Amino acid sequence: MSISENLATIKSALPKEVTLIVVTKTQSIEKILEVYHANHKQFGENKVQELLAKYEQLPKDIEWHLIGHLQTNKVKYIAPFVHLIHSVDSFGLLKEINKQAKKCNRIINCLLQIYIAKEETKFGLDFKEAEGLIHSKDFSELQNINITGLMGMATNTDNKEQIGNEFHSLSLFFNKIKELASFNLQPEILSMGMSSDYRIAIKEGSNMIRVGSSIFGERS
Ligand SMILES: *Cc1c(COP(=O)(O)O)cnc(C)c1O
């Protein structure tokens, strides 16, 4: 099937409360435009350099999501335009995002990335660290960020039960922090699920999925 057919098939099966972020990493401008012309404008990139290059070359009504690990010294490049940063995994990073957002006269929406996988390779805060961050006085002083939810990645395994359990734990934590809402903590988004596991994620309460290879084909 073509890219636009894959997109249409996936979208037609999604519950209406679930937002699809099309992950464009490693894809050509031409392929991304095929998605754009199918009237989809929410895209995700995992690397700042690639995000910047694509932002420059593509139409300006695209909503860009940064979904991969973000280094503090690169925040300034994306601060003027990024729509949502899914990968906030330290207070230091959040503080820098706040600083750069202020310079741009913006409030930048962010998700806390929570570590739920049983793997050594994934970034993120554990539940305790995330709660500590949210409850800290330093956090309450950040005026130019808004924590609009959480992001998590499950273990890369065929064990559906394990994946479900990992997503379920994040869903429970999401419900817990919703009760702590404040001016800069307004949790509405639960970003979990990619090509291999988004159906499980949606069952467990995800309302934002990040899908690349099911739309573009396997990355080379
Ligand atoms: C690459 C990537 C995805 C999408 O992965 P696919 O398997 O291609 O759907 C989702 N989230 C993050 C953080 C990624 O880096």
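An account of the accompanying structure is given in this report. Everything numeric here is computed off the predicted structure, so don't read it as measured data.

1. Description of the overall build of the protein
Tallying secondary structure elements over the protein gives 10 helices and 8 strands in all. A compact globule built from 220 residues should have a C-alpha radius of gyration of about 17 Å, and the protein, at 17 Å, falls within 12% of that. For the C-alpha atoms alone, the extent of the protein along its principal axes is close to 50 × 40 × 30 Å. The long-range share in the protein, meaning contacts at least 24 apart out of those at least 6 apart in sequence, stands at 60%. Accessible surface for the protein amounts to roughly 10800 Å². Of this, 49% is attributable to carbon and sulfur atoms. Treating the 26 positive side-chain charges of the protein as one cloud and the 26 negative ones as another, the clouds have centres 4 Å apart.

2. Observations regarding the environment of S206
The residue S206 is located in the loop between α9 (198–203) and β8 (208–211) in this model. The exposure class assigned to S206 is buried, which follows from its relative accessible area of 4%. It is 11 Å that separates the C-alpha atoms of S206 and G149, two residues lying 57 residues apart in sequence. When neighbours within four sequence positions are excluded, S206 is seen to be in contact with V18, L190, M192 and A201. At a separation of 3.3 Å, a polar atom in the side chain of S206 contacts the main-chain carbonyl oxygen of L190. Within the local environment of S206, its side chain forms a polar contact with the backbone oxygen of M208, the two atoms lying 3.1 Å apart.

3. A word on the pairing of strand β7 (residues 185–192)
β7 sits mainly inside the fold: 6 of its 8 residues count as buried. Here 5 bridges tie strand β6 (residues 145–153) to β7, and the two strands are oriented parallel to one another. Opposite M151, over in β7, you have S191 as the bridge partner. Remark: the β6/helix α8 (residues 160–178)/β7 crossover connection has right-handed handedness.

4. So, the packing of helix α6 (residues 127–135) against α8
At a minimum axis separation of 12 Å, α6 and α8 run at an interaxial angle of 15°. In terms of orientation, α6 and α8 fall into the roughly parallel class. The crossing of α6 and α8 is right-handed. Here F127, A130, E131 and I134 of α6 lie close against α8, whose contacting residues are S169, L170, F173, K176 and I177. A breakdown of the residues in the contact of α6 with α8 according to their chemical character gives 6 nonpolar, 1 polar and 2 charged.

What counts, and where the lines are drawn
- Residues numbered from 1 in each chain as written.
- Predicted model: local features only at pLDDT ≥ 70, side-chain atom pairs only at ≥ 80, totals over all residues.
- Heavy atoms only, no water.
- Helix = DSSP H or I, 4+ residues; strand = E, 2+ residues; numbered from the N terminus.
- Rg over C-alpha atoms; globule rule 2.2 N^0.38 Å.
- Contact = heavy atoms within 4.5 Å.
- Areas by Shrake-Rupley, 256 points an atom, 1.4 Å probe, with all protein chains shown as cover.
- Lys, Arg positive; Asp, Glu negative; His and termini not counted.
- Charge placed at Lys NZ, Arg CZ, Asp CG, Glu CD.
- Buried < 20%, exposed > 50% of the residue type's maximum accessible area, 1.4 Å probe, protein only.
- Polar contact = N/O pair within 3.5 Å; in protein donor to acceptor, adjacent residues only side chain to side chain.
- Pairing = 2+ DSSP bridges.
- Right-handed = clockwise from strand over helix to strand, strands pointing away.
- Axes fitted to C-alpha atoms, helices over the stretch in contact; angles between N-to-C directions.
- Parallel < 35°, antiparallel > 145°, perpendicular 65-115°, else oblique.
- Left-handed = near helix turned anticlockwise from the far one by under 90°.
- Nonpolar A, V, L, I, M, F, W, Y, C, P; charged D, E, K, R; others polar.

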